[in-house]
Amino acid sequence: MKIDYQEPSKDLLMRIDIHEKYGSANIDVWTNDLLKPQAGMSILDVGCGAGKLSFLFDDYTKGQAKITGGDFSNELLDKARAKNKERGSKIDFQFLDFNEKFNFEDNTFDLCTSAFAIYYASDLKFTFGEAHRVLKPGGRLFVSGPLPENKQMFYDIIKEATNATIPPMPGSSRFKGDIFNTIDGIFAKTELHKFENHLTFPEVKPFIDYVRASLGEDRRLWTSMFNGPKEYEALIGKIEAVATRWLERDGKLVMTKVVGGILATK
Ligand SMILES: C[S@@+](CC[C@H](N)C(=O)[O-])C[C@H]1O[C@@H](n2cnc3c(N)ncnc32)[C@H](O)[C@@H]1O
């Protein structure tokens, strides 16, 4: 199944910023506690975007791991490379399309990670097969993504505002089922971990910023719900009206991110 999806850097960075500003828990701490990347390791971060996870591991290992970040968005790779330069880090950011053969030898990496990305793969067996191939024996794969119960309140508000069917999200609809099972079928050992982050919005504006950074036409995930900029603005207006009612009723808007982390060993 080909998934038509793009991630504009402004939307991705907006969502990351909102998670950090309004969240109660820190996903970076959870990730590091789970993986404990070590100096000397070879790490591949697939769908690295602007480099969030790659920089996290670089900080954690004090620049002593050999990190490669791969993404198919040149816009995001440019952002990552600019930050790499600014920090004086030695991460290798390079083009990688996870629907194609990875450009690495067999048994190259100790750790292969992918945060909120690789589950958009068209052929899960092929892509996770590639991750398995490039890992060393005993190497680990870590894939994070939304669980089905993720952001329930966000979807409830959109449902109440529109009465429309929410398009299936490639991540949350497949994470526990297809994605976990595919990895489990390829790797020797597979575990599912869970992370929860309550985002508390004291006003409607940051919630709507989050909605805009999720539903934007360029991401192509929500386009069944609107046709062109006029309909998009009308849709946002309806969502804003419901969010305002909920805020008046409850005094705040609380959206819980429920994230799964699949950790597998080759
Ligand atoms: C939600 S972003 C996550 C980025 C980053 N891992 C993070 O945590 O900030 C999803 C990423 O997957 C990338 N992506 C989507 N399809 C891809 C593909 N076929 N090959 C490589 N990267 C892809 C997008 O460009 C984007 O950077």
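Position numbers for residues count from 1 along each chain, tracking the sequence in the order it is written. Owing to the predicted nature of the model, reporting of local features is limited to residues with pLDDT of at least 70; listing and counting of side-chain atom pairs is limited to 80 or more, with chain, interface and lining totals taken over all residues.

Draft legend 1. Broad picture of the site of the ligand. Nearness is defined per residue: the C-beta atom, placed using the backbone, must lie within 6 Å of the molecule or strand. Residues in contact with the ligand amount to 21 residues; listed here are only the nearest, Gly47, Gly49, Ser73, Ala115 and Ala117. Where helices and strands are cited, they refer to DSSP runs of H or I of at least four residues and of E of at least two residues respectively, numbered from the N terminus. Where the shell around the ligand is concerned, the elements lending two or more residues are helix H1 (9–22) and helix H3 (52–60). For the shell around the ligand, a count of residues per class yields 13 nonpolar, four polar and four charged. Here the nonpolar group is Ala, Val, Leu, Ile, Met, Phe, Trp, Tyr, Cys and Pro; Asp, Glu, Lys and Arg are the charged ones; every other residue, Gly included, is treated as polar.

Draft legend 2. Inspection of the nonpolar core at higher detail. Note on terminology: a nonpolar core is any set of buried Ala, Val, Leu, Ile, Met, Phe, Trp, Tyr and Cys residues joined through C-beta atoms within 7 Å. A residue is called partly exposed when the number of other C-beta atoms within 10 Å of its own lies between 12 and 20, exposed at 12 or fewer, and buried at 20 or more, with C-beta atoms placed from the backbone. Ranked by size, the top nonpolar core spans 45 residues in total, and within it Ile43, Val46, Cys112, Leu141 and Ile183 carry the most contacts. Elements with a minimum of two residues in this core: strand S1 (42–46), H3, helix H4 (74–87), strand S4 (109–115), helix H5 (124–134), strand S5 (135–146), helix H7 (175–186) and strand S7 (253–265). With near-sequence residues (within four places) excluded, valine 46 lies in contact with Gly70, Leu96, Phe98, Cys112, Ser114, Ala117, Ile118 and Ala131. What counts as a contact here is a pair of residues whose C-beta atoms, placed from the backbone, lie within 7 Å.

Draft legend 3. Molecular detail of the pairing of strand S2 (residues 66–71). Summarising burial for S2: five of the six residues are buried, a large majority. A pair of strands is considered paired only if DSSP assigns at least 2 bridges between the two. Inspection of the sheet shows S1 paired to S2 by five bridges, in the parallel sense. Its bridge partner lying in S2, valine 46 is registered against glycine 70. Whether a crossover is right-handed depends on one test, that the path from the first strand over the helix to the second runs clockwise when the strands point away from the viewer. In the classification by handedness, the crossover that spans S1, the intervening H3 and the parallel S2 is right-handed. Note: S2 against strand S3 (residues 92–95), four bridges, orientation parallel. Of the residues in S3, the one forming a bridge with aspartate 71 is phenylalanine 95. After leaving S2, the chain enters H4 and then returns to the sheet as S3, a path that is right-handed.

Draft legend 4. Broad picture of the sheet that holds S1. Strands sit in the order S3-S2-S1-S4-S5-S7-S6 across an open sheet of seven strands; the sheet is mixed. Since the sheet does not close on itself, it has two edges, and those belong to S3 and strand S6 (189–201), each with one partner. In this sheet, adjacent strand axes meet at a mean angle of 20° when their direction is disregarded. Only the stretch in contact is used when fitting a helix axis, every axis being a line fitted to C-alpha atoms; angles between N-to-C directions are given from 0 to 180 degrees.

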